[in-house]
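# Summary of the model geometry
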Amino acid sequence: GHRAYRDEGELSLTTVYVSQHEDRITLPELVRAYFSDDAAVYPRSAVYSPDETDESSDQMSAIQMVSSQDNATAVALDALDYDVPTRVEVLEVIEDMPAEGRLRVGDEILTVGFTEIKRPEDVVEAVGVVKAGEPLAFRIRRKGRERNVVVTPVDDDGHARIGIVPGTVHDFPF
């Protein structure tokens, strides 16, 4: 057979389960979880926004799963010395928010204001430093063409928000 490579390391995994937004927890379940060493209890508002539904939660979970799988693939390819270019794109546009009708799923975000975008967090930070109601310039690439788009953030619980989910997209070499 093949040569075996033994090591003394370990791989620890954690499983996280969050009940669905519209689930109802019974009092006995709540008490059992509260006193369990293996469970945690948080107010629903700490996990879900007031207007979130099971459907929107499932959609976000699907986006996060694909993104996680792509990130794992990119890390593995990088370890094998493949060049894996990345870019930041709009993964979701939230209905009835300022970005609706201005940004589209698949738009590559190049700059926000004067900030060059390298990571999804750059978008969040660039939007977060402006005041709600203050127009914000986005430089995007849509279908291969660069364009400027202006989005005016709104106040959402004390934070400027435009209503998109930015994410990293990888250009795999095959």
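Here's what I pulled together on the structure shown here. (Residues numbered from 1 in each chain as written. Predicted model: local features only at pLDDT ≥ 70, side-chain atom pairs only at ≥ 80, totals over all residues. Heavy atoms only, no water.)

## Focus on the packing of aromatic side chains
This is how the line gets drawn: Put simply, two rings from Phe, Tyr or Trp (the six-membered ring, in Trp's case) pair if the centres are within 6.5 Å, and we call them stacked under 30 degrees between planes, edge-to-face over 60, tilted for the rest. The rule is simple: take the accessible area with a 1.4 Å probe, protein chains only, and divide by the maximum for that residue type; under 20% is buried, over 50% is exposed, in between is partly exposed.
With the rule as written, the count across this model stands at one aromatic pair. Look at Tyr34 and Phe35: their rings are 5.0 Å apart centre to centre, the planes differ by 85°, and that puts the pair in the edge-to-face class. Here Tyr34 matches Phe35 in class, with each residue exposed.

## Description of a nonpolar patch on the surface
Put simply, the rule reads: Nonpolar side chains (Val, Leu, Ile, Met, Phe, Trp, Tyr) within 5 Å and like charges within 9 Å form the patches, drawn only from residues with over 30% relative accessible area and no salt bridge. Working definition of accessibility: Shrake-Rupley area with a 1.4 Å probe, residue cover restricted to the visible protein chains. We define a salt bridge as a contact between a side-chain nitrogen of Lys or Arg and a carboxyl oxygen of Asp or Glu at a distance within 4 Å. The helix and strand labels rest on DSSP assignments: H or I over at least four residues marks a helix, E over at least two residues marks a strand, and numbering proceeds from the N terminus.
Among the surface-exposed residues, Ile25, Leu27, Leu30, Val31, Tyr34, Phe35 and Val41 lie close enough to one another that they form a single nonpolar patch of about 720 Å² accessible area. Mapped onto the secondary structure, Ile25 falls in the segment before helix 1 (27-35). By relative accessible area, Ile25 is classed as partly exposed at 45%.

## A short note on the pairing of strand 8 (residues 164-170)
Going by this rule: Pairing between strands is defined by DSSP: at least two bridges between the two strands are required.
Where burial is concerned, most of strand 8 is hidden: six out of the seven residues are buried. By the bridge criterion, seven bridges tie strand 1 (residues 86-93) to strand 8 in an arrangement that is antiparallel. Pairing of Val90 across the sheet is with Pro166, part of strand 8.

## Structural notes on the environment of Thr152
Here is the rule we go by: Only heavy atoms matter for contacts: two residues are in contact if any of them lie within 4.5 Å across the pair.
As for its placement among the helices and strands, Thr152 is situated in the loop between strand 5 (145-151) and strand 6 (154-156). Thr152 sits in the partly exposed class, given a relative accessible area of 32%. Between the C-alpha atom of Thr152 and that of Pro98, which follows or precedes it by 54 residues, the distance is 6.2 Å. Contact partners of Thr152, with chain neighbours within four places excluded, come to Pro98, Gly133, Glu134 and Pro135.

## Describing helix 3 (residues 54-79)
Note the following rule: Helix span, as expected, comes to 1.5 Å for every residue beyond the first.
For helix 3, which comprises 26 residues, the first-to-last C-alpha distance of 37 Å matches the rise-based estimate of 38 Å (1.5 Å per residue) to within 8%. Restricting attention to buried positions, one finds in helix 3 the residues Ser57, Ile63, Ala74 and Leu77. If you follow the buried residues of helix 3, they end up packed against strand 1 and strand 8. Asp81, located one to two residues past helix 3, shows a positive phi value of around 70°.

## Points about the pattern of salt bridges
Under the defined criterion, the tally for this structure stands at 11 salt bridges. A salt bridge links Asp122 to Arg119; its shortest N-O distance comes to 2.9 Å. A residue is classified by how much of its surface remains accessible, and Asp122, at 10% relative accessible area, is buried. Here the salt bridges do not stand alone but share partners, grouping Glu108, Arg139, Arg141 and Glu146 into one network.

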